[in-house]
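Read off the chains here:
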Amino acid sequence: MPPIDQITTFVSDHPIETVIISVFALILLALAFFALRAVFRVASRILRGWAVGRPAEDILTIIAASIATGVSAQGMWRFSGDVLGFDGPLRLLLFAFIEVAVITSAVRARRNMRENFSAGIDGIAVWALTCLSAVLSSMDARSVAEAVFRLAAPLVAAWLWERGMAIERHRITGRSRINWRITPERMLVRIGLAEAGDRTTSEVDAHRRLTRVALAAKRARALREAGASDRKIRKALAELDKAMDRAVEHTGLAVDEKRQEALLSQIGALYNTSALIDLSPPVPWAPEQPQAGGGGAVAAPPAALPGSRVTYLVDDEDDEHRPADPAPPVVDTAERAARIRAARQYWDQQIERRYVPRAADIAQEVGIPLATAKKYRALWKLEPQAHALLEAAYREHGIIDTGTFPAIEVPEPVLTVNGSAPNGN
């Protein structure tokens, strides 16, 4: 007899029992409805509270990782039944122990990262347990495609967890965990297919052409000073002339003052390479030493040259006649380093204003001994920008630096700012 006929027969034979059963069924359905609605409301409230303030990519990462973990757990369910022979409640209790361990390690790693800014050993455990689960699941596969799929699912979950951790780590610390030494960008820069800076193509081409001119000039000068044959000198001069023609044609060297200064800076640096071995840079962390006293007249204060964009003053020869600073107290390493940084900042500011400060100006501005200021000035004035300013002052006004600037030889006594000789004539 069909089920509908059995129900009809039972209702006709037992009407009272049918009514009682129907009433209880309606009550149970109503209770189930209210219970499900309450559970749904609580779950919705919990999910809304959990998702408030959380980026959408984090939510999607957790959902995708949960799906991938479910796929891995389904593979372990089959492995525990087919390979291990688990059945019934034992299979239900033990099949997903690796997935539970992965989730536990992931939670611990996230807590370690928030407290110590590193996932620690728990982060390594997540990847190790994930690989173990992937291998075990794929061993019970029925085909190669299924094995690849079961290998990929846990690894996808681990990768999504790792990316979520990286995003949160960057959000907390403001930096990435590691800077790789081998990257596509660095490889392209290494083989010369990319630029490390943000220079344009025209700037790169102009720099290379100016460098060729400077190197050709250095080569020709070295051959002439070495007494090479006329043939070699003529060949070097021909290469220099060719490089200069190309630079003038493609870089606008004849009218561009910045590139003219850049070329002079390169030539000055290349011509005076041997001067580097005679430098005695000061030790930044050495304590200050008392300076011996001396006598002499005080030099004139700084002044600007009229009619010129380059402001420059005679430096060290005037300072030699200046009274020496009183013996300063010995300062510690931190204080000395702070003063040196302040001196460097003052130097850079003045160079940006197209003014080469004297050692006395640096010592007075920062509060360091004059001898220390002279040492640092002798080192900093070799840099390209200061070199170009000094070259411009020499070409336009005949002002010669009297310090250790190696590009200019002093043929006669140096004039002071107002044009008078040191002896008053």
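Residues numbered from 1 in each chain as written. Predicted model: local features only at pLDDT ≥ 70, side-chain atom pairs only at ≥ 80, totals over all residues. Heavy atoms only, no water.

### Digging into the environment of L240
This is how the line gets drawn: Helical segments are the DSSP runs of H or I of at least four residues, strand segments are the runs of E of at least two, and each set is numbered from the N terminus. Contacts between residues were defined by any pair of non-hydrogen atoms, one from each residue, lying within 4.5 Å.
When you line up the elements, L240 lands in helix 10 (residues 230–251). Residues L240 and A220, spaced 20 residues apart in sequence, show a C-alpha to C-alpha distance of 7.5 Å. Residues contacting L240, with those up to four places away along its chain left out, are V213, A216 and A217.

### What to know about the packing of aromatic side chains
For clarity, the threshold we go by: Put simply, two rings from Phe, Tyr or Trp (the six-membered ring, in Trp's case) pair if the centres are within 6.5 Å, and we call them stacked under 30 degrees between planes, edge-to-face over 60, tilted for the rest. Buried, partly exposed and exposed residues are distinguished by accessible area as a fraction of the type maximum, computed with a 1.4 Å probe on protein chains only: under 20%, between the cut-offs, and over 50%, respectively.
Following the criterion strictly, the structure yields three aromatic pairs and no others. Residues W347 and W380 carry aromatic rings whose centres are separated by 5.8 Å and whose planes lie at 50 degrees to one another, so their mutual orientation is tilted. Highlighted residues: W347 in helix 13 (residues 333–352) and W380 in helix 15 (residues 370–380), separated in sequence by 33 residues. For W347, a relative accessible area of 1% puts it in the buried group. The class for W380 is buried, based on a relative accessible area of 7%. Each ring, one from Y376 and one from W380, has its centre 5.3 Å from the other, and the planes form 40 degrees; the classification is tilted. Taken as a pair, Y376 and W380 lie in helix 15 at a separation of four residues, close to a single helical turn. Each member of the pair Y376 and W380 is classed as buried.

### Notes on a nonpolar patch on the surface
How we decide: The patches described consist of residues with a relative accessible area above 30% and no salt bridge, like charges being joined within 9 Å and nonpolar side chains (Val, Leu, Ile, Met, Phe, Trp, Tyr) within 5 Å. Computed with a 1.4 Å probe, the accessible areas rest on the Shrake-Rupley method; for each residue, only the protein chains presented here act as cover. One side-chain nitrogen of Lys or Arg within 4 Å of one carboxyl oxygen of Asp or Glu is enough to make a salt bridge.
A cluster of nonpolar side chains, namely I16, V19, I20, V23, F24, I27, L28 and L31, defines an oily patch on the protein surface of about 800 Å² accessible area. Residue placement: L31 occurs in helix 2 (residues 15–51). Taking relative accessible area as the criterion, L31 reaches 54% and is therefore assigned exposed.

### Section: the UniProt feature "transmembrane region" (unreviewed entry) in the chain
Stated precisely, the cut-off is as follows: UniProt positions are given in the numbering used here, feature names are shortened, and annotations may be inferred rather than shown by experiment.
In this structure's numbering, the residues bearing the UniProt feature "transmembrane region" (unreviewed entry) are residues 20–39, 59–77, 89–107 and 119–137. What you have in residues 59–77 is 100% helix and 0% strand, and the ends, taken at the C-alpha atoms, are 27 Å apart. Its end C-alpha atoms 27 Å apart, residues 89–107 is made of 89% helix and 0% strand.

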